[in-house]
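Coordinate inspection notes
The chain contents come next:
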Amino acid sequence: MMQVNWFQILIDWVYGLIFWVYDVVNWIVGIILWVYNWVWGVIFWIWDLVFLNLDFLIKAILFPGLIFVVLALIYTVWFTRKMWGRIQMRRGPFHMGKFGGLQLFADAIKLISKEVIIPDGSRRWMYRILPSILLVIVLLPFAFIPWDATWYIADLSVSLVLVFAFLAAVPILALLIGWISGSKYSLIGGFRAANNQFAAEIPIIMSSVGPALLAGSLSLMAISGAQSSVWYVFLLPINFVTFLVSSVVAVGTFPFDAPVADSEIIFGWRTELSGVYFTLTYFAEFAEQMLYSALMVVLFFGGASGLPFLPGFVNFIIKFLIVMFFFIIVTSSFYRLRQDQITRYCWKYLLPLSMLNIILVLFGLAYIDGLAALVMGG
Amino acid sequence: MGFFSTLGEIFTILKHVFSQVFERPFTVLYPYEDREHPERTRGRHIHIREKCTACAQCVRACPVVAIRIDKSDRKYEKDAALYFDYTRCIFCGLCVQACRFNALFHTKVVDLSEPERERLHYDPERIETLDRDPLEWRGSRFR
Amino acid sequence: MSPDILDEAIEIWFGPQHVSAHGWAAKLTLIGDYIVECDPHAGYFHRSAEKVLEFRNFRQGPLVMERLCMLESFLMEYPYVSAVEQIAGLEVPERARIMRTILMEASRIHSLQFWWGQFAAELGLFTMLLWPWVDREYFLDAFEELTGSRHAVSFNTPGGVKYDFTDKFLKKLDRALLRIEERLPKFKDMLLHGPTFRLRTKNVGLFSAEQGLRWGLSGPNIKACGVPMDLRKDKPDSNLAYDLADWEVPTVHNEEHPGQSDAYDRMVQRFLEVETSINIIRQLLPQIPEGPIIDPKARAKANRLPEGEAYGRVEGTRGITSLWLKTTEKAQTAYRAKIRGPCFASYYALKHLVPGSRFADFIVIFGSLDPYPGLWDR
């Protein structure tokens with residue numbers, strides 16, 4: 001007969017209960033520890049990320065990066081408007097802040113807060129997304145601009161090619177915006193923007209070959225570093241002129257503003273954009289202008305070299321403003337060319353001139369002793 | 001037109017534009033500064049009631065019916081009250097030329113903007129008085 | 001043209017909300033970049049000025065007339081005043097005769113300065129929009145000194161003029177003339193000798209003198225074809241003092257296409273017009289005699305006109321402006337007034353001129369003919 005030991009069963013049960021409670025507590029503690037460790041891990045990971053890459057982060061976000069570029073963009077627009085005002089015997093902005101310095105912030109706030117009117121015939125989601133892509137694509141190449149020997153974001157061995165690769169997407173976006181806005185004026189403007197790039201892209205790349213050949217590198221950093229003894233603008237003046245003119249064509253500002261010719265097609269591919277989308281494209285145009293000015297400083301004016309007692313990026317910015325001033329003078333002197341004339345003159349004059357320069361540079365490097373040492377020695 | 005003459009023309013244009021940068025701007029900062037208005041400026045009117053004889057020649061001369069006359073409203077011996085409607089007035093000066101008794105004049109006050117449309121209907125009291133002096137009000141005092 | 005080509009055509013409305021169409025509208029049919037049909041629409045500016053003139057007496061009439069084209073207000077008043085003077089048999093004093101002529105020529109200069117700026121802006125150069133307009137301010141200041149108003153001058157009146165010359169006015173007029181004389185070479189460099197200006201305007205909007213006369217063009221547009229058709233010489237007005245000055249009708253000879261004119265020739269013609277006007281003013285200024293400025297009986301005579309009809313005309317800035325006036329016995333107002341503005345002809349000349357040209361050239365052709373919307377609609 002089975003002897004049932006009720007007492008033993010009770011003891012076992014109590015033991016089991018205690019172990020069970022112990023395990024539950026362990027389990028909860030384990031969860032808490034796991035969460036705790038996970039949180040700490042994330043914090044440490046961020047900590048490590050920030051502190052090991054602090055240099056890069058500050059560069060990418062603060063100084064030569066996003067915030068600096070956007071502020072520089074705003075003040076470049078201000079500088080351009082002030083200079084245009086001077087040339088046209090006006091005063092330019094003067095109400096907001098000292099010398100109208102805050103006017104662009106006021107304009108940006110006003111434009112962003114305006115109502116967005118999307119036409120019926122447009123593709124709505126593309127209308128909303130394309131202008132921001134445009135601005136991002138134009139702002140990205142600023143990462144490769146060597147503002148200084150220390151203050152730069154990225155230095156690739158092919159950054160010159162990469163900059164032009166990014167910029168090749170701009171007219172496609174312009175064409176798309178013109179196409180999807182559902183207006184005939186926008187469509188015509190989009191095709192004209194594509195035509196402008198078709199005219200200007202080959203001369204502009206051809207004229208950037210000269211400095212690259214002289215420096216023996218495709219990296220913007222190396223090109224600007226190679227000019228510490230002599231600036232390439234003295235060696236390649238015609239090349240500089242072709243680069244300047246074809247960059248004005250590529251940007252599509254005043255003498256070559258057929259894509260946005262306001263007296264012919266109301267505002268070209270930007271006709272139907274409103275509110276914040278217009279702001280984005282407006283800033284994108286000036287950012288492109290800025291980018292080409294910075295490229296000119298890097299390729300022809302020796303980047304950060306200049307007055308020795310100033311920091312390198314100050315030299316760069318001074319030269320950048322001077323080049324921007326040239327840009328403004330050129331953009332406010334000539335009448336708008338027709339789009340077929342733009343293509344004809346880019347292909348007829350700028351392309352042969354820039355090709356001639358490449359040949360001259362090649363012969364110079366091959367036959368002039370000491371030139372290679374002078375320009376590459378750094 | 002050779003290549004080099006075209007280049008010369010381009011540089012002439014660039015020279016003109018470049019020299020313009022260093023010249024003074026032509027515009028005035030309007031609310032703070034103002035141009036000097038000449039003697040004959042046809043601004044808002046002023047009505048001198050002592051001289052008025054209620055002949056209503058100004059009302060007849062007005063090409064856009066901007067003046068209304070109230071002959072019963074008398075302050076002096078034989079004058080009348082004038083109501084000016086500056087929403088209609090085109091400042092042609094015919095009423096001032098029609099007045100033979102030197103009772104109606106133009107002033108130099110040319111900026112008449114008002115927040116409300118009704119404020120542009122000048123009643124007799126406002127048309128008799130100059131609420132602000134055109135030259136005193138201006139100048140760099142406001143800057 | 002086969003109909004299947006027309007299937008690809010797009011119709012585009014140039015106006016009335018277009019930036020450079022300040023309210024007018026033309027329907028264009030485009031195939032590719034070429035305009036195949038242009039349909040200008042008039043009527044957007046109709047203010048029924050002819051009907052309004054039937055309800056204004058003869059001293060108020062010039063006010064209506066000068067508001068048709070504010071840019072040449074001294075010239076626009078004259079046809080009406082001249083018609084009233086012919087019906088009433090009024091004699092204009094010698095002093096008023098010369099004063100009128102001087103101010104009409106000054107008005108012509110400042111209207112042409114306005115047109116330089118406007119045409120430059122249509123061609124896409126805003127620098128040249130503002131430079132001539134600054135010089136125009138000097139003339140407007142002089143007009144304000146004389147009459148008290150910058151644009152709506154109300155200067156001419158039947159029988160003479162309203163305001164006498166003052167020393168201050170003469171000084172200001174002299175300053176304005178000196179300014180325009182000083183700046184003319186600069187404007188010629190910017191406009192006529194600019195390479196981009198030549199590119200845009202040469203062989204654009206080409207028409208011959210016979211065509212122009214058939215379309216009813218007059219003024220600088222027909223003089224640019226080499227036809228010296230000028231009312232100031234052809235039909236000398238006894239109330240104007242053009243006979244006191246020694247001058248020639250300026251014409252342009254196009255060497256490539258004799259007897260025809262393009263947009264460039266019309267610009268050259270308008271420079272010559274300004275030089276002729278300055279010449280006339282310079283000759284007339286010392287010849288002003290002392291004396292009354294208005295016929296003493298003018299006021300009484302212009303109150304009630306006898307029955308009659310008269311045709312007043314003037315060589316305006318844009319062509320022949322004329323007015324036919326009919327009055328009944330003891331008339332206080334006109335029975336009927338018919339205004340002939342020069343710009344209706346030049347606006348509808350677009351219908352024949354534009355087809356076959358590029359879309360970008362449409363505004364150049366329009367601008368070179370210089371139609372003023374207020375003058376084609378009345």
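Residues numbered from 1 in each chain as written. Chains lettered and ligands numbered in written order. Predicted model: local features only at pLDDT ≥ 70, side-chain atom pairs only at ≥ 80, totals over all residues. Heavy atoms only, no water.

Let us now look at the interface of chain A and chain B. Between chain A and chain B, the residue contacts involve 15 residues of the former and 17 residues of the latter. Between chain A and chain B lies a buried interface of about 1,500 Å² when both sides are counted; carbon and sulfur atoms form 72% of it. It is Arg86, Met89 and Arg91 of chain A in chain A that bury the most area against chain B; as a group they hold 41% of the surface buried on that side. One can count 0 salt bridges joining chain A with chain B. (Contact = heavy atoms within 4.5 Å. Buried area = accessible area lost by both parts, 1.4 Å probe. Salt bridge = Lys/Arg side-chain N within 4 Å of Asp/Glu carboxyl O.)

Counted according to the given criterion, the structure contains 53 aromatic pairs over all chains. With 4.8 Å between their ring centres and 80 degrees between their planes, tyrosine 86 of chain B and tyrosine 122 of chain B make a pair best called edge-to-face. Linking tyrosine 86 of chain B in the loop between β3 (81-85) and α3 (94-98) with tyrosine 122 of chain B in strand β5 (residues 121-122), this pair joins segments that are 36 residues apart in sequence. For the pair tyrosine 86 of chain B and tyrosine 122 of chain B, a shared accessibility class is recorded, and that class is buried. An angle of 75 degrees between the planes, with centres 6.4 Å apart, marks the rings of tryptophan 24 of chain C and tryptophan 376 of chain C as edge-to-face. Linking tryptophan 24 of chain C in the loop between β1 (10-14) and β2 (25-31) with tryptophan 376 of chain C in helix α17 (residues 373-377), this pair joins segments that are 352 residues apart in sequence. Seen from the ring of tryptophan 133 of chain C, arginine 136 of chain C lies directly overhead, with NZ or CZ sitting 5.9 Å from the centre. Above the plane of the ring of tryptophan 115 of chain C lies arginine 270 of chain C, whose end atom (NZ or CZ) is 4.3 Å from the centre. (Phe/Tyr/Trp six-rings, centres within 6.5 Å; stacked < 30°, edge-to-face > 60°. Helix = DSSP H or I, 4+ residues; strand = E, 2+ residues; numbered from the N terminus. Buried < 20%, exposed > 50% of the residue type's maximum accessible area, 1.4 Å probe, protein only. Lys NZ or Arg CZ within 6 Å of the ring centre and 35° of its normal.)

Bringing the sheet that holds strand β10 (residues 336-340) of chain C into the picture now. Residue and element names in this part refer to chain C. Strand order across the open sheet formed by 3 strands is β8-β9-β10, with antiparallel pairing between neighbours. In the strand order of this sheet, the two ends are held by β8 (308-315) and β10, each with one partner. On average, adjacent strands in this sheet sit at an angle of 10 degrees to one another, irrespective of strand direction. With 8 bridges joining them, β8 and strand β9 (residues 320-327) adopt antiparallel strand pairing. If you follow glycine 308 over to β9, its bridge partner there is threonine 327. Running at roughly 150 degrees to β8, helix α4 (residues 73-88) makes contact with β8 and β9 of the sheet. (Pairing = 2+ DSSP bridges. Axes fitted to C-alpha atoms, helices over the stretch in contact; angles between N-to-C directions.)

Moving on: the pattern of salt bridges. Residue and element names in this part refer to chain B. Counted by the stated rule, this structure contains 48 salt bridges over all chains. For glutamate 128, the salt bridge is made with arginine 49, and the minimal N-O distance between the two is 2.8 Å. With glutamate 128 in helix α4 (residues 124-128) and arginine 49 in the loop between β1 (45-47) and α2 (57-61), the pair connects residues that are 79 residues apart, well separated along the chain. A relative accessible area of 4% places arginine 49 in the buried class.

Between chain C and chain A, the contact holds 36 residues from the first and 25 residues from the second. When chain C packs against chain A, the two sides together hide about 2,800 Å² of surface, and 60% of this comes from carbon and sulfur. Of all residues in chain C, the largest losses of buried area upon contact with chain A belong to Thr196, Leu199 and Arg200 of chain C, amounting jointly to 19% of the total for that side. At the boundary of chain C and chain A, one finds 3 salt bridges. With a shortest N-O distance of 3.2 Å, arginine 338 of chain A and aspartate 361 of chain C are connected by a salt bridge. Listing elements by their share of the side of chain C that touches chain A, those giving two or more residues are β1, α5 (94-122), α6 (127-147), α7 (167-191) and α8 (195-201) of chain C.

Here we take up the packing of helix α4 (residues 103-112) of chain A against helix α12 (residues 275-300) of chain A. Residues and elements named next belong to chain A. Running from N to C, α4 and α12 cross one another at 140 degrees; their axes reach a closest spacing of 7 Å. Accordingly, the angle class assigned to the pair α4 and α12 is oblique. Within the contact between the two elements, α4 uses Leu104, Ala108, Leu111 and Ile112 and α12 uses Gly275, Val276, Phe278, Thr279 and Phe283. Partitioning the contact of α4 with α12 into residue classes produces 7 nonpolar, 2 polar and no charged. (Parallel < 35°, antiparallel > 145°, perpendicular 65-115°, else oblique. Nonpolar A, V, L, I, M, F, W, Y, C, P; charged D, E, K, R; others polar.)

Another aspect to go through is the sheet that holds β1 of chain C. Pairing within the open sheet is antiparallel, and its 3 strands lie in the order β1-β2-β3 (chain C). The outermost strands of the open sheet, each flanked by one partner alone, are β1 and β3 (34-41) of chain C. For this sheet, the mean angle separating the axes of adjacent strands, direction not counted, is 20 degrees. With 7 bridges connecting them, β2 of chain C and β3 of chain C associate as antiparallel partners. Pairing of leucine 28 of chain C across the sheet is with cysteine 38 of chain C, part of β3 of chain C. Along the sheet, helix α8 (residues 184-215) of chain A makes contact with β1 and β2 of chain C, crossing β1 of chain C at roughly 105 degrees.

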